[in-house]
Amino acid sequence: MLKQGNSYETVQNAFRWEIPVKYNIGVDACDKFAAQTPNAPALIDLDPSGNPKPISFLKLKQHSNKLANALLGRGLKVGDRVGILLPQCPETAIAHIACYKAGLIAVPLFTLFGEDALSYRLKTSGARALITNMENLPKVEAIRDNLGELALVLTIDGRASQTEDLQFVSESASDSFKPVDSLANDPALLIFTSGTAGPPKGALHAHRTLLGHYTGVQFMHDFFPHPGDRFWTPADWAWAGGLLDVLLPSLAFGIPVLIFRSRKFDPEETFRLLADHEVRNAFLPPTALKLMRQVEHPQDRWNFAMRSIFTGGEAMGAELMDWGRETFGFTMNEGYGQTECNLVVGNCATIMPARAGSMGKPVPGHDVVVIDPEGNPKPPNEEGAIAVRAPDPVMFLKYWDDPGATEAKFNGNWLLTGDVGTVDEDGYLYFVGRDDDVITSAGYRIGPGEIEDSLMGHPAVALAAAIGKPDEVRTEIVKAFIILADGFEANDALAKDIQHHVRMRLAAYEYPREIEFVRELPMTTTSKIMRRELRLREADKQKDQNQ
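Conventions used here
- Residues numbered from 1 in each chain as written.
- Predicted model: local features only at pLDDT ≥ 70, side-chain atom pairs only at ≥ 80, totals over all residues.
- Heavy atoms only, no water.
- Helix = DSSP H or I, 4+ residues; strand = E, 2+ residues; numbered from the N terminus.
- Expected span 1.5 Å × (residues − 1).
- Buried < 20%, exposed > 50% of the residue type's maximum accessible area, 1.4 Å probe, protein only.
- Arc of directions from axis to C-beta.
- Contact = heavy atoms within 4.5 Å.
- Polar contact = N/O pair within 3.5 Å; in protein donor to acceptor, adjacent residues only side chain to side chain.
- Pairing = 2+ DSSP bridges.
- Axes fitted to C-alpha atoms, helices over the stretch in contact; angles between N-to-C directions.
- Salt bridge = Lys/Arg side-chain N within 4 Å of Asp/Glu carboxyl O.
- Parallel < 35°, antiparallel > 145°, perpendicular 65-115°, else oblique.

Participant: Could you give an account of helix 16 (residues 492-505), with specific residues and numbers?
Facilitator: The end-to-end C-alpha separation of helix 16 is 20 Å, in line with the 20 Å expected for 14 residues at 1.5 Å each. Listing the buried residues of helix 16 in full gives Leu 494, Ala 495, Ile 498, Gln 499, His 501 and Val 502. Projected down its long axis, helix 16 carries its buried residues within an arc of 155°, all on one side. Opposite the buried face of helix 16, at more than 90 degrees from it, the exposed residues are Asp 492, Ala 493, Lys 496 and Met 504. Residues of helix 16 that are buried sit in contact with helix 15 (448-456), strand 25 (461-471), strand 26 (475-484) and strand 27 (514-517). Capping the start of helix 16 is the job of one residue whose side-chain oxygen sits 3.2 Å from the backbone nitrogen of Ala 493: Asn 491.

Here it is as structure tokens:
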């Protein structure tokens, strides 16, 4: 736990990891408070009419105990993988906690995955059981013949042939269960990367990963928790952002989590939700914030009272930061991490000023630097590989069944994030781009984030992505793909105006020499822009033109 101080240096110097030999996520996120404050709300579910239905820590313990007994009673053993293909709902939390307490390895799966994506993850992980709902069952049935190790499918809202009703099997099980005496380093969670750079890989995490997330959540929510805090995120719990940044740490701190995820993000609905259900803390990806920014005068329309907002996954930028201060009355804290090693860099506005374009400083307890290919720290303001020193409690154990990829992830004692960045004289880190996102134009190395931030400052731009397009003279030119805000029409005059806007604010070599107006951008399921996909499209276009 972080001790609050009056400066970053004070907090950093006072912190030391104390990781116990034995530790279990399920006990920490559920059973601990079921014993201390059994009737306190752990989850707040919304019924179809939007009415809140609190679920206490005691109920969460009883339901997860029943499911743990049911899973082990059907032949699963410690170390077996259990797929969880569910949206934000109480059963998702119950399934995770049951798996951890039973010594099983949870494999979260996004409900928008198609058959190929599901088959790849279930087959790669060798999942022996799957918990899902009737809506997603047809996809499972279509691929089940290819999943030789999948022996059990439980559905939460009915049953079909070759499935069992989770409610029925749980009700017939005992609500008394003794959690496994797991070591902090025992595997607990297999979460697949989003695939921004190559095929998704299964990052295997130990139980200690939740403890490793403690400091990041505290830091980026200005010393979370405070009395009256209540957490929510639109991010799906199948991803690190929803599961490890919100659901599990919030429960482990005894703070209730609001359950709500619409099929399509609606910024007005989001403001209404924040106000109606007294949400105080949120993880909101930059894409969500950019959409919310298009809502006019939200503070005059809804009586929300947020205390903290953490954002990450894409650079926030100065424009969005200023909007956040004006709208919410505080500085939103940007952070950085990845599936393999999450929440290791961030801002904490309470004790350090945010710097536009920076993702913050290393969260206390983590050693994050910019290194050269030999593993030596780079001087201030020189680009290099962003790396995290091992060991670290938030760091993954390995890639599932891929020792080669695991070995390639490290340079000596440094975990390589695969991102390029810089660090200034004061220790603030700056994200430049993925290794393959950096644009090289006329001898300049250009990060897409700064260009996209500048583009977002133009009133006509709702969303933007920048890539390097091959060019015979400059090596690459900057090309921007833009989704227009409502009320604007795509034309050459507008494109020139946007180009002028960026050129005047950044530099002549950074402005997009080519602009393409689009209706949508390729996104990962965690709302990160897939610039790699845009580069591939451009390459295909050039091949067609040259034929």
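Participant: How would you explain helix 10 (residues 267-276) if you had to name every residue and give the values?
Facilitator: Residues Pro 267, Thr 270, Phe 271, Leu 273, Leu 274 and Ala 275 constitute the buried set of helix 10. The distance from a side-chain oxygen at the start of helix 10 to the backbone nitrogen of Glu 268 is 3.0 Å, and the residue carrying that oxygen is Asp 266.

Participant: Tell me about the sheet that holds strand 26, and please be specific about residues and values.
Facilitator: Strand order in the open sheet made by the 3 strands is 25-26-27, with mixed pairing throughout. Each having just a single partner strand, strand 25 and strand 27 make up the two edges of the open sheet. In this sheet, neighbouring strand axes are inclined to one another by 25° on average, regardless of whether the strands run parallel or antiparallel. In the sheet, strand 25 pairs with strand 26 via 10 bridges, with the strands oriented antiparallel.

Participant: Just give me the short version of the pattern of salt bridges, but keep the residues and values in it.
Facilitator: This structure, assessed with the given rule, holds 25 salt bridges. Across the salt bridge formed by Glu 538 and Lys 479, the nearest N and O atoms sit 2.8 Å from each other. Of the two residues, Glu 538 sits in helix 17 (residues 531-546) while Lys 479 sits in strand 26, which places them 59 residues apart along the sequence. Connected via shared salt-bridge partners are Lys 469, Lys 479, Glu 514, Glu 516, Glu 538 and Lys 541.

Participant: Please give an account of the packing of helix 8 (residues 208-220) against helix 9 (residues 240-252) that cites residues and values.
Facilitator: At a minimum axis distance of 10 Å, the contact between helix 8 and helix 9 shows a crossing angle of 95°. Taken together, the axes of helix 8 and helix 9 are roughly perpendicular relative to one another. In this structure, helix 8 uses Thr 209, Leu 210, His 213, Tyr 214 and Val 217 to contact helix 9, whose residues at the interface are Leu 244, Asp 245, Leu 248, Pro 249 and Ala 252.

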